[in-house]
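Fold and geometry: a report
Below, each chain spelled out in residue letters.
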2 protein chains.
Amino acid sequence: MMQTSRLSINLATIREQWNLLEAVEACARHGIAAVDPWRDQVAAVGLEESVRALKDNGIKVSGYCRGGMFSTDGQFGWHAAIDDNKRAIDEASALGAECLVLVVGGLPKGSRDINRARHVVADGIAAILPHARANKMPLAIEPLHPMYAADRACVNTLAQALDLCDSLGTGVGVAIDAYHVWWDPELTAQIARAGSAKRILAYHVCDWLIPTRDLLLDRGMMGDGVIDLPHLSSLLDKAGYRGFIEVEIFSVADWWKRPGDEVLRTCIDRFDGAV
Amino acid sequence: MMQTSRLSINLATIREQWNLLEAVEACARHGIAAVDPWRDQVAAVGLEESVRALKDNGIKVSGYCRGGMFSTDGQFGWHAAIDDNKRAIDEASALGAECLVLVVGGLPKGSRDINRARHVVADGIAAILPHARANKMPLAIEPLHPMYAADRACVNTLAQALDLCDSLGTGVGVAIDAYHVWWDPELTAQIARAGSAKRILAYHVCDWLIPTRDLLLDRGMMGDGVIDLPHLSSLLDKAGYRGFIEVEIFSVADWWKRPGDEVLRTCIDRFDGAV
């Protein structure tokens, strides 16, 4: 039984319906306290305009999506990736985000060496960490489901993300997304570990549908799939997490096609009971 | 650099082209030493006929696919699942298979309790293990990729499968399929553990394609994707595995549409270099 005051809307959830300004106004209209915008959404309307819209509507920013991609974007090179991540930190600061979410990147084009990609990612986060610390912007490493190991993120379990945090020190933590971690046999133990280490920076929810028709864009509304979200939320609660709970749904064939107001109403309705 | 004498063809790879009898003859024609048939393929031509075809063509049976599904097939009930698995053990024995591969099952219909499903699976294997031991038929638990946790197998990492083996004792081991485990940050350590415990009963190969267009039926030919199979094979080798290496490719849009002889030739060509 989640209090709706903890609900945040990741703006990917309504990206096909509204631009950032419209989405922020809609969230305010529905009494939603926080959002998590994506960089392209901010870029489309401008950073200053985004900051103003959030402030005018009294909307908090539970996180900012996303930095990372240290190992994947080979065409721009390492230094370009580092510079781009520093700009993401600056934008997150301007927006007043609680953390910058990192989707760390998969295999470089043409590579089959996932161990090397993992080292590149660790080096990448280490390289931007001083800038993040100077800006007091926590970096939230998001372990992604193993089905994204090749093309999106080679950090694929909570244990692996926490090991990375341990090696990096202060200023980093994890974003725990139900979709990415629900299957993990070590989940209970690793959430407890994350809580003890004060590493939990964000909690994202959606649902795993049966069947899942697309690896990326067929995520479900909470309650429509097989993830035991109330149980997961109770684990986060036991681990001491009291922050926002972000709804993040990529759904090209369903929720992205519905009116934005219906999507937001459904998120609110499902939040109490299915989360 | 794999010797082709270790190549086995999982008959799912050519299931759309040939029935079991035709497939066995084709493999013999190509000088392939072993196959792994599926139960429906055996049922379609009859068990005795299958045994005869294998014997007549001098083809070994590296494994038999598949037992399991303890938690998923709710409509038939627990006892039906146990009985069916015992029949699978009998068939595997008749075929002279080196092991019975277990795809253990996912969530029961309507359930969100993956922990309970995992207990059901452990109980299921324990229930058929005496029959397997009496028939000297090793049971190979196959951890499946986490993207199948909901609908096919709630055993999703090698560590989890080996923990299960530890709790069950003798007569069980693991089938290590490159497609299911390649992403695992613990892979090197867990393969070494499996080797030390003499638990490696089978090694399956195919490749992970970018993009992957279907969760189940878009697996790639070795060399066409991002899995570092020679490295994985070297880990198996270091762990002491000297058995067959099975090619298992589900590919509805590509390899299942090509002539069977072309598929087999390609498997052989790729085996030396890409595996």
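Because the structure is predicted, anything quoted here is derived from the model rather than measured. (Residues numbered from 1 in each chain as written. Chains lettered and ligands numbered in written order. Predicted model: local features only at pLDDT ≥ 70, side-chain atom pairs only at ≥ 80, totals over all residues. Heavy atoms only, no water.)

A closer look at the relation of the copies chain B and chain A
Least-squares fitting of chain B to chain A yields an RMSD of 0.0 Å, with the transformation described by 0.0 Å of translation along the axis and a rotation of 180°. Taken together, the turn and the small shift mark the pair as related by a two-fold rotation axis. The residues that chain B uses at the interface reappear at the interface of chain A in 100% of cases, marking a shared surface. (Least-squares fit on C-alpha atoms with pLDDT ≥ 70 in both. Contact = heavy atoms within 4.5 Å.)

Focus on the interface of chain B and chain A
In this complex, chain B contributes 31 residues to the contact, which on the side of chain A involves 31 residues. Together, the buried faces of chain B and chain A total about 2,300 Å²; carbon and sulfur atoms form 66% of this surface. For the interface between chain B and chain A, the tally reads zero salt bridges. Across the contact surface, chain B and chain A share six residue pairs in polar contact (both at pLDDT 80 or more). (Buried area = accessible area lost by both parts, 1.4 Å probe. Salt bridge = Lys/Arg side-chain N within 4 Å of Asp/Glu carboxyl O. Polar contact = N/O pair within 3.5 Å; in protein donor to acceptor, adjacent residues only side chain to side chain.)

Brief notes about the side chain of Thr157(B)
Within the fold, Thr157(B) resides in the loop between strand E6 (139–141) and helix H6 (158–168). A residue is classified by how much of its surface remains accessible, and Thr157(B), at 11% relative accessible area, is buried. When neighbours within four sequence positions are excluded, Thr157(B) is seen to be in contact with Trp183(A), Pro185(A), Pro143(B), Trp183(B) and Asp184(B). (Helix = DSSP H or I, 4+ residues; strand = E, 2+ residues; numbered from the N terminus. Buried < 20%, exposed > 50% of the residue type's maximum accessible area, 1.4 Å probe, protein only.)

A closer look at the pattern of salt bridges
All names here are of chain A. The tally for this structure, following the rule as stated, stands at 28 salt bridges over all chains. The partner of aspartate 218 in a salt bridge is arginine 213, and the shortest N-O contact between them spans 2.9 Å. Accessibility expressed as a relative area gives 4% for aspartate 218, which makes it buried. Residue classification places arginine 213 among the exposed residues on the basis of a relative accessible area of 56%.

Topic: the packing of helix H1 (residues 20–29) of chain A against helix H3 (residues 47–56) of chain A
The description of two packed helices rests on the angle between their axes and on the distance between the axes. All names here are of chain A. For the pair H1 and H3, the least separation of the axes is 9 Å and the interaxial angle reads 10°. Comparing the axis directions of H1 and H3 gives the class roughly parallel. Here Leu20, Leu21 and Val24 of H1 come into contact with H3, specifically with Glu49, Ser50, Ala53 and Leu54. Of the residues in the contact of H1 with H3, the class split is five nonpolar, one polar and one charged. (Axes fitted to C-alpha atoms, helices over the stretch in contact; angles between N-to-C directions. Parallel < 35°, antiparallel > 145°, perpendicular 65-115°, else oblique. Nonpolar A, V, L, I, M, F, W, Y, C, P; charged D, E, K, R; others polar.)

Everything listed here is a matter of coordinates, which is why it stays silent on function.
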